Amino acid sequence: MYRSTCSHLDQVNAVKPRTNGCEECLKLGDEWLHLRLCLTCGHVGCCDDSEHKHATKHFHTTHHPVIQSFEPGEKWKWCFVDEVAWE
C-alpha cells in the first residue's frame, strides 16, 4: 500500500555507519554503485543498481524499513514498507 508519509519513523535511530562501503561487497571483494545506510542499525549496503542489491536484501532479512542515501551531498530517505521518499 502506498502512503504519502512514512509510518515507521519510530524505527529511525541516530546510527553510525558500521563500514565506509557495502558490508557484504567488502567481504566479497566486489564493487558497488551507490550506498544506502539503514537508519535502524547502521548497516551500509549497495543500491538496487548494484549487482547484489545488499541494502534491499538487508531490509528483507531484518525488516528495518528506512534507509538513507550514504552518498556525499545526498540526504534523502526511503521507507521500503510505505514506499515513500523524503529529505
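Each remark here, short or long, concerns the structure printed above.
Residues numbered from 1 in each chain as written. Predicted model: local features only at pLDDT ≥ 70, side-chain atom pairs only at ≥ 80, totals over all residues. Heavy atoms only, no water.

### Quick word on the overall build of the protein
For step 1, the next point in the chain: The helix and strand tally for the protein stands at two helices and five strands.
For step 2, the next point in the chain: Along the chain direction, N to C, the helices and strands of the protein fall in the order α-β-β-α-β-β-β.
For step 3, the next point in the chain: Taken against the 2.2 N^0.38 rule, which gives 12 Å for 87 residues, the C-alpha radius of gyration of the protein at 12 Å falls within 12% of a compact globule.
For step 4, the next point in the chain: For the protein, the spread of C-alpha atoms along the three principal axes comes to 40 × 25 × 25 Å.
For step 5, the next point in the chain: For the protein, with 87 residues in total, the buried portion stands at 43%.
For step 6, the next point in the chain: Of the contacts made within the protein by residues no fewer than 6 positions apart, 48% connect residues no fewer than 24 positions apart.
For step 7, the next point in the chain: Per element, the accessible surface of the protein, about 5400 Å² overall, is 51% carbon and sulfur.
For step 8, the next point in the chain: Side-chain charges in the protein split into 9 positive and 13 negative, and the spacing between the mean points of these groups amounts to 6 Å. (Helix = DSSP H or I, 4+ residues; strand = E, 2+ residues; numbered from the N terminus. Rg over C-alpha atoms; globule rule 2.2 N^0.38 Å. Buried < 20%, exposed > 50% of the residue type's maximum accessible area, 1.4 Å probe, protein only. Contact = heavy atoms within 4.5 Å. Areas by Shrake-Rupley, 256 points an atom, 1.4 Å probe, with all protein chains shown as cover. Lys, Arg positive; Asp, Glu negative; His and termini not counted. Charge placed at Lys NZ, Arg CZ, Asp CG, Glu CD.)

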